[in-house]
Amino acid sequence: MERRKALGIVAILLPPLLYSFYRFSIGALVPAFESTYSVSDATAGGVISASVGLVAIGVFGGGLLAQRLGDARTILLGLVIFSASEAAVLAARSLWEFSALFFLASFGTGLVITPSYGVIASLLPGRRGLAVSLISAAYSSGGFVGPSLAGYLLVYRGWDAPFLALALIGAAFTAFFAAVLGMSGKGGPAQAPVSYAKVLAIRAVLVLAVADFFADLGFLVFVSWTPKYLISAFSVTGGGTATIDAVFGVGVGLGGVGALVAGVLFDRLGGRRSLLISGSLSALLFAALYLASPLPLALALVLVTGFLSNSFWPLLTATAQVSVPEGQVTSAMSVVQTAGFVGAFIGPGLAGLIGGAVSSALILATVVPYALFFAIIVAGYKDPATRTGTAVAA
């Protein structure tokens, strides 16, 4: 039984890990994408934003499907859609064909996100804080592989290679997940469906959703535009671009450690104080990163910023869980996470429109959203009066 449980935990960490390979490789792909299809920063930002919008639709739909099909089956559907779409990208011969398949892959990844928390909760009952942190850590840890792999394949194997790699990795992950959890019903619906409108009527959920909107807006700008910014701002050429992608990947990967630290902070300090620490430090680090010179200092700041900047996600997810009655937890998570992806949908395109990979545009599109996130938590959120360390882990 313990071996089966361990295999189940490994299996449920694969979908967020796959999503992170995909999401964090996008920044490394932007220069090659613009060159391949002869598009501007504004167009590239629009395509990236639209892809995140499809993730948001997937997150919203995933919450609904999970209440009917079960969490594990919904995740399996998302994995199949993603892997098939990435393989089909190899046949794309125009911007429109590529974009359609890119968007479909994004929708598939969206389906896996909220149900993943349901499955791991069923595998780790009574360890909610740990469960949330593990999913978030798996997501961030993909940064160690995604950008560096994409950068290497682009330089040495060409435009199609990163998509073939993602398709093969996706197929392998899908097979393992299906063998361990796919048709087991594990993490199936344990509660009656709750309307999103009812959950949004809870003040805490509304505040957390708005905060997530701004935080994820800024975070996706960081993920999507920072590699190109570093390459262009410091005139990096040739194989040096792969080095930039690798360092960026390590920084984002360190976010996995940051997610675990965020879980510890949540258990010790509560949601409000942890969120305020995360938001304020992230805003300061973004400003420092996009003003930094020379390149070694900027790369050092990438590592620190990557460690901290995604800590808002596990904190907001755990805070949403303890802010509603037990029967409304899944719906509350879906609402808050969907709001985050709506912000993420806007962020890359907004940055592209106001300047793309230039310092002033990136400061405006990261520092301001994180400052608003901080202000929203200050003004609108207080920890539940009954919140305790035991309640969080219940």
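As shown above, the structure is provided for reference.
What counts and what doesn't
Residues numbered from 1 in each chain as written. Predicted model: local features only at pLDDT ≥ 70, side-chain atom pairs only at ≥ 80, totals over all residues. Heavy atoms only, no water. Helix = DSSP H or I, 4+ residues; strand = E, 2+ residues; numbered from the N terminus. Polar contact = N/O pair within 3.5 Å; in protein donor to acceptor, adjacent residues only side chain to side chain. Contact = heavy atoms within 4.5 Å. Salt bridge = Lys/Arg side-chain N within 4 Å of Asp/Glu carboxyl O. Buried < 20%, exposed > 50% of the residue type's maximum accessible area, 1.4 Å probe, protein only. Axes fitted to C-alpha atoms, helices over the stretch in contact; angles between N-to-C directions. Left-handed = near helix turned anticlockwise from the far one by under 90°. Nonpolar A, V, L, I, M, F, W, Y, C, P; charged D, E, K, R; others polar. Expected span 1.5 Å × (residues − 1).

Draft legend 1. Representation of the side chain of Ser-323 within the structure. Locating Ser-323 in the fold gives a position in the loop between helix H14 (312-322) and helix H15 (329-353). Within the local environment of Ser-323, its side chain forms a polar contact with the backbone oxygen of Thr-319, the two atoms lying 2.6 Å apart. Engagement of the side chain of Ser-323 in a polar contact is seen with the side chain of Tyr-381, the distance being 3.0 Å. Those residues in contact with Ser-323 that lie beyond four places of it in its chain are Ile-202, Ala-204, Leu-208, Tyr-381 and Pro-384.

Draft legend 2. The pattern of salt bridges, seen in detail. With the rule as written, the count across this model stands at one salt bridge. In this structure, Lys-228 and Glu-34 form a salt bridge, with 2.7 Å as the shortest nitrogen-oxygen distance. In this pair, Lys-228 is assigned in helix H9 (residues 203-233) and Glu-34 in helix H1 (residues 2-37), connecting sequence segments 194 residues apart. Residue Lys-228 shares its accessibility class with Glu-34, and that shared class is buried.

Draft legend 3. Broad picture of the packing of helix H2 (residues 41-69) against H9. Two numbers describe how H2 lies on H9: the axes approach to 11 Å, and their chain directions differ by 145 degrees. The hand of the H2/H9 crossing is right-handed. Listed contacts from H9 to Asp-41, Gly-45, Ile-48 and Val-52 of H2 are Leu-220, Ser-224, Trp-225 and Lys-228. Classifying every residue of the contact of H2 with H9 by side-chain character gives four nonpolar, two polar and two charged.

Draft legend 4. The arrangement of helix H12 (residues 271-291) in detail. The end-to-end C-alpha distance of H12 is 31 Å, a good match for the 30 Å that 21 residues give at a rise of 1.5 Å each. Those residues of H12 lying buried are Gly-271, Ser-274, Leu-275, Leu-276, Ser-278, Gly-279, Ser-282, Ala-283, Leu-285, Phe-286, Leu-289 and Tyr-290. Tucked into the core, H12 has its buried residues touching H9, helix H11 (255-269), helix H13 (295-309), H14 and helix H16 (359-380).

Draft legend 5. Region of the structure containing unusual backbone geometry. Cis geometry is adopted by the peptide bond preceding Pro-294, which originates at Ser-293 and carries an omega value of 5 degrees. Even without being glycine, Ser-38 reaches a positive phi, approximately 55 degrees. By secondary structure assignment, the location of Ser-38 is in the loop between H1 and H2. The phi dihedral of Ser-235 falls on the positive side, at around 55 degrees, and the residue is not glycine. Following the sequence through the fold, Ser-235 ends up in the loop between H9 and helix H10 (240-253).

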